[in-house]
Amino acid sequence: TLEEQTANASESLADWDRDLIEQVRQPIISFQTSDLKVAEPTEGNSLDDYAQAIGTILTDYNAGLPEGPKSIFIRYLADQKAEDLAKLNQAAAHHRAITGRLLETPVPKAASNLHRELATAFGRLTEVVYAMSRIKTDSVIALTNAEIYEQEYADTIRAMMRVSKFLIDNAPATDETN
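The rules behind each value
Along each chain, the written sequence defines residue order, and numbers are assigned to residues from 1. Note on the predicted model: pLDDT of at least 70 is required for a residue's local features to be given, and 80 or more for side-chain atom pairs to be given and counted; whole-chain, interface and lining totals, by contrast, use all residues. Side-chain metrics rest on all non-hydrogen atoms present in the structure, leaving aside hydrogens and water. What counts as a salt bridge is simple: a side-chain nitrogen of Lys or Arg found within 4 Å of a carboxyl oxygen of Asp or Glu. To obtain each axis, a line is fitted to C-alpha atoms, and for helices this fit is confined to the stretch in contact; angles are then taken between N-to-C directions over 0 to 180 degrees. Under the scheme used here, helices are H or I runs from DSSP no shorter than 4 residues and strands are E runs no shorter than 2 residues, and both carry numbers assigned from the N terminus. Whether a crossing is left-handed or right-handed is set by the direction in which the near helix is turned from the far one by less than a right angle, anticlockwise for left-handed and clockwise for right-handed. Note on contacts: a residue pair qualifies if any of its non-hydrogen atoms lie within 4.5 Å across the two residues. Polar here means any residue other than Ala, Val, Leu, Ile, Met, Phe, Trp, Tyr, Cys and Pro, which are nonpolar, and Asp, Glu, Lys and Arg, which are charged; Gly is therefore polar. Each Phe, Tyr or Trp ring, with Trp reduced to its six-membered ring, pairs with another whose centre is within 6.5 Å; inter-plane angles below 30 degrees give stacked pairs, above 60 give edge-to-face pairs, and intermediate values give tilted ones. Note on classification: 1.4 Å probe, protein chains only; a residue is buried when its accessible area is under 20% of the maximum for its type, exposed when over 50%, partly exposed between these limits.

Draft legend 1. Expanded view of the pattern of salt bridges. Counting across every chain of the model gives nine salt bridges. For Glu67, the salt bridge is made with Arg75, and the minimal N-O distance between the two is 2.5 Å. It is possible to trace a salt-bridge network through shared partners that takes in Glu67, Arg75 and Asp84.

The following block contains the structure:
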């Protein structure tokens, strides 16, 4: 019947769309614990030091992005202004720098798996933003990655929250009697 043919055609198109998206996506980064600077806790590499370093990196991340890359991307598509493309390139460079800092941060062994997840999430977000910044030279990849930006951003936020929860749960007890 015509209804069955239409349903089959729609299903085939949906499968084709999923396959196409997977084909044009950038390679997915997945860092390993061996990519990190993992060490046993020592002076200068305690959970407190780690928490302070992560806090600084995440503060710098937020300060360096006065506007979200997806907003810049959408505005560039609408207006084609060179300054928006420059902002998108700056956002890609900023994400790359933050990922690099996460990989260079000394990580206490107890936090290594969560830190690896955080670095991987930032690495993937970096890939997506970089691909979006290539809108003039590779529009299919840029548009495809713009579609998945929110998911990668949400994954990054979840990774930040897991690290934060770990640091809160493992914070040294304070003496409240003073």
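Draft legend 2. The arrangement of the packing of helix 3 (residues 69-79) against helix 6 (residues 139-169) in detail. The N-to-C vectors of helix 3 and helix 6 enclose an angle of 145°; their axes lie 10 Å apart at closest approach. The crossing of helix 3 and helix 6 is left-handed. Across the interface between the two elements, Pro69, Lys70, Phe73 and Leu77 of helix 3 pack against Ala142, Leu143, Ala146, Tyr149 and Glu150 of helix 6. Each residue belonging to the contact of helix 3 with helix 6 can be placed in one class, and the counts come to seven nonpolar, no polar and two charged.

Draft legend 3. Main features of the environment of Leu36. Counting through the fold element by element, Leu36 comes out in the loop between helix 1 (2-24) and strand 1 (37-39). With 70 residues separating them along the chain, Leu36 and Pro106 place their C-alpha atoms 7.6 Å apart. Once residues within four sequence positions are removed from consideration, Leu36 is found in contact with Leu103, Ser112, His115, Arg116 and Ala119.

Draft legend 4. Fine view of unusual backbone geometry. The backbone of Gln80 shows a phi angle near 55°, a positive value even though the residue is not glycine. One can find Gln80 in the loop between helix 3 and helix 4 (82-104).

Draft legend 5. Summary view of the packing of aromatic side chains. The tally for this structure, following the rule as stated, stands at two aromatic pairs. Ring geometry for Tyr61 versus Phe122: centroids 5.0 Å apart, planes at 90°, classification edge-to-face. In this pair, Tyr61 is assigned in helix 2 (residues 47-63) and Phe122 in helix 5 (residues 112-133), connecting sequence segments 61 residues apart. Residue classification places Phe122 among the buried positions, given a relative accessible area of 0%. Considering the side-chain rings of Tyr149 and Tyr153, the 5.9 Å spacing of their centres and the 15° angle between planes classify their relative orientation as stacked. With a gap of four residues between them, Tyr149 and Tyr153 both fall in helix 6, about one helical turn apart.

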